[in-house]
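Structural features, examined
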Amino acid sequence: MSETKVTVIGGGLAGSEAAWQLAERGVKVVLKDMKPQKMSPVHKNAGFAELVCSNSLRSDDAEHNAVGLMHEELRQAGSLIMSCADATKVPAGGALAVDRNGFSDLVSRKLRSHPNIEIIEGEQTALPKEGITVIATGPLTSEALSRAILEAVDAKTLSFYDAIAPVIFKESINFDKAWYQSRYDKGDKFDYINCPLDKEQYENFVSELNAAEKVDFHDFEEPRYFDGCLPIEVMAARGRDTLLFGPMKPVGLTNPHSPEKPYAVVQLRQDNAEDTLRNMVGFQTKLKYGEQQRIFKMIPGLENAEFARLGGIHKNTFIRSPQLLDNYFRLKTMPHIYFAGQITGCEGYVESAATGWLAGYFSACGVLGIRPELPPLTTAFGAMWKHLQDDTAEDYQPMNINFGLFPKLEPEVTPNGKLRHLKGMDRKTAYCRRALQDIRPWLEKVK
């Protein structure tokens, strides 16, 4: 047991995971979070690891999908976030979605009951001048701490804007028009509720989106969106058919109420364990509240919709990690400070948990006097680590885990001696197989 304490600032997914990994390695941890004394613009409860944008951790397919692969690597690594997600999951087809409150409550109970973790409530307004510290304050870092970071990194920060999707009371959905079905009938048919639009309805919907009142920005604010989480109206403005290839694509679905194939479909995903709430999939928005209710009720099946939560917008901040952090996520100019989570430029809940796991491991090694073992680049852990180290991009941007971050696969040699380059599903399977093979010896060294 080390007597040195590590301070983890931020109780989101990354901070919770970092604190847990430190504590499990015998390191005393002070976990500091500003909630409930001070809340960000979008957080609503006082618990740790609160999910804001969506209750989904995305695909759980570890054989063909990069984020599903990261799920499995985190499970094998003893992740707190994944164990709590598995314990509170709700039906979502091939995705891993959780009961928001149940998930946060379970993470909070585990952290508060760990003998090596001390909880302190209150806002951190400055970077500590000494003592090992993990900054995991997320994309909604408070203004005071953001200014302190900005001073320390000489203005090498960026900002972009992220939007959250509305949540609807399921009992207000009109099932004379909507129906249950997962895309391509993958998973349980009750995982998703579908609302169909014909061509005229779709065209009217897009027109209203384009003409609707949006939230205004201050003169000094320049909106910069992450392409993986664009507001629905921003997508619509890029072209009238853009939504048909995004969240409103009609493929893999059959409307039992009509022999005609839907021209567009809005899907609603289960948002809590009781299945009383449904999240509008891909409908992040910065529309004004009145406009949201008016326009989204144009969708067949939602004409009487009651909203448990309307969409909103908030500012996200992240640092240029490749220039500012070393191999172990330490600030080069202040090596006692580590960073983790979305403030580093990773994107997504699962990716945040993975960087939190790594920061917890790296900082524990710093306390215990152990040289850290870097993750193999062929793994999801390693691919995300490499993204945070890759300084070749002129405009560093947040990134979800994807196979484009992995080292390329070597072509297979066929029986007749020719080279065969894997494509499609075979290529994805090979990436996952290689990663799961390479992660095991690394975990044996670091767990």
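Rules used in this analysis
Residue positions are given per chain, counted from 1 along the sequence in the order it is written. Local features in this predicted model are restricted to residues of pLDDT 70 or higher, and side-chain atom pairs are both shown and tallied only at a pLDDT of 80 or more, whereas totals for entire chains, interfaces and linings draw on every residue. Working from all heavy atoms in the structure, the side-chain values ignore hydrogens and water. Here a salt bridge means any side-chain nitrogen of Lys or Arg lying within 4 Å of a carboxyl oxygen belonging to Asp or Glu. Here a strand is any run of E in DSSP of at least two residues, a helix any run of H or I of at least four, and the numbering for each starts at the N terminus. When accessible area is computed with a 1.4 Å probe and restricted to protein chains, residues below 20% of their type maximum are described as buried, those above 50% as exposed, and intermediate ones as partly exposed. Regarding the arc, it is the one traced by the directions from the helix axis to the C-beta atoms. Here, two residues are considered to be in contact whenever any of their heavy atoms come within 4.5 Å of each other. Every helix has an expected span of 1.5 Å times one less than the residues it contains. Any pair of N or O atoms that falls within 3.5 Å is considered a polar contact. Within protein, one atom must be able to donate a hydrogen and the other to accept it, and sequence-neighbouring residues count only if both atoms are side-chain atoms. For Phe, Tyr and Trp, rings pair up if their centres lie within 6.5 Å, where Trp contributes its six-membered ring, and each pair is then called stacked (planes under 30 degrees apart), edge-to-face (over 60) or tilted (otherwise). Remark: a charge is flagged as sitting over a ring if the NZ atom of Lys or the CZ atom of Arg is within 6 Å of the ring centre and within 35 degrees of the ring normal. Two strands form a pair only when DSSP identifies at least two bridges running between them. Lines fitted to the C-alpha atoms define the axes, with helices restricted to the stretch that makes contact. Angles between their N-to-C directions range from 0 to 180 degrees. Oblique is the label for any angle not under 35 degrees, not over 145, and not in the 65 to 115 range, which are roughly parallel, roughly antiparallel and roughly perpendicular in turn. Here a crossing is taken to be left-handed if its near helix is turned anticlockwise relative to the far helix by less than a right angle, and right-handed if that turn runs clockwise. Residue classes follow a fixed rule: Ala, Val, Leu, Ile, Met, Phe, Trp, Tyr, Cys and Pro count as nonpolar, while Asp, Glu, Lys and Arg count as charged, and any other residue, Gly among them, counts as polar.

Scanning all chains against the criterion turns up 18 salt bridges. One salt bridge in this structure joins E203 and R240, with 2.8 Å as the shortest N-O distance. Of this pair, E203 sits in helix 6 (residues 199–211) while R240 sits in the loop between helix 7 (232–237) and strand 12 (264–270), and the two are 37 residues apart along the sequence. Overall, E203 belongs to the partly exposed group, its relative accessible area being 23%. A relative accessible area of 34% means that R240 is categorised as partly exposed. When salt bridges with common partners are traced through the structure, they connect D60, E72, R75 and D86 into a single cluster.

On to helix 8 (residues 289–296). Among the residues of helix 8, those classed as buried are E291, Q292, I295 and F296. Across the axial projection of helix 8, the buried residues extend over an arc of 105 degrees, all falling on one side. Of the residues in helix 8, the exposed ones pointing more than 90 degrees away from the buried face are Y289 and G290. In the core, the buried residues of helix 8 are packed alongside helix 6, helix 7, strand 13 (277–280) and strand 14 (307–309).

For helix 4 (residues 100–113), built from 14 residues, the straight-helix expectation of 20 Å at 1.5 Å per residue is met to within 8% by its first-to-last C-alpha distance of 20 Å. Within the sequence span of helix 4, burial applies to R100, F103, S104, L106, V107, S108 and L111. Its side-chain oxygen 3.1 Å from the backbone nitrogen of N101, D99 forms the N-cap of helix 4.

Counting across every chain of the model gives 16 aromatic pairs. Cluster of aromatic residues (ring-pair linked, three or more members): Y328, F329, W357, Y361, F362, F381 and W442. It is R25 that lies over the ring of W357; its NZ or CZ is 5.1 Å from the centre.

The next thing to look at is the pairing of strand 17 (residues 334–339). Consecutive side chains of a regular strand alternate in pointing toward one face of the sheet and then the other. The buried fraction of strand 17 is high, at five of six residues. Pairing geometry for strand 7 (residues 133–135) and strand 17, over three bridges, is parallel. Considered in strand 17, the bridge of V134 is made with Y338. Pairing of strand 16 (residues 330–331) with strand 17, which is carried by two bridges, proceeds in the antiparallel orientation. Note on strand 17: the bridge partner recorded for R330 is Y338. Count of turn residues in the strand 16/strand 17 antiparallel hairpin: two residues.

Quick look at the packing of helix 2 (residues 66–76) against helix 12 (residues 424–446) now. Each pair of packed helices can be described by the angle between their axes along with the distance between the axes. The geometry of helix 2 relative to helix 12 is characterised by a closest axis approach of 11 Å and an angle of 20 degrees between their N-to-C directions. In this view, helix 2 runs roughly parallel relative to helix 12, as classed from their interaxial angle. Read as a crossing pair, helix 2 and helix 12 show a hand that is right-handed. Contact residues: helix 2 offers L69, E72, E73 and Q76, while helix 12 offers C432, A435, L436, I439, R440 and L443. A class-by-class count of the residues in the contact of helix 2 with helix 12 yields six nonpolar, one polar and three charged.

This next bit is on the environment of A97. Checked against the element boundaries, A97 lands in strand 5 (residues 95–98). For A97 and N55, which are 42 residues apart along the polypeptide, the C-alpha to C-alpha distance reads 5.5 Å. Dropping the residues within four chain positions of it, A97 is found in contact with N55, S56, L57, T88, K89, V90 and A92.

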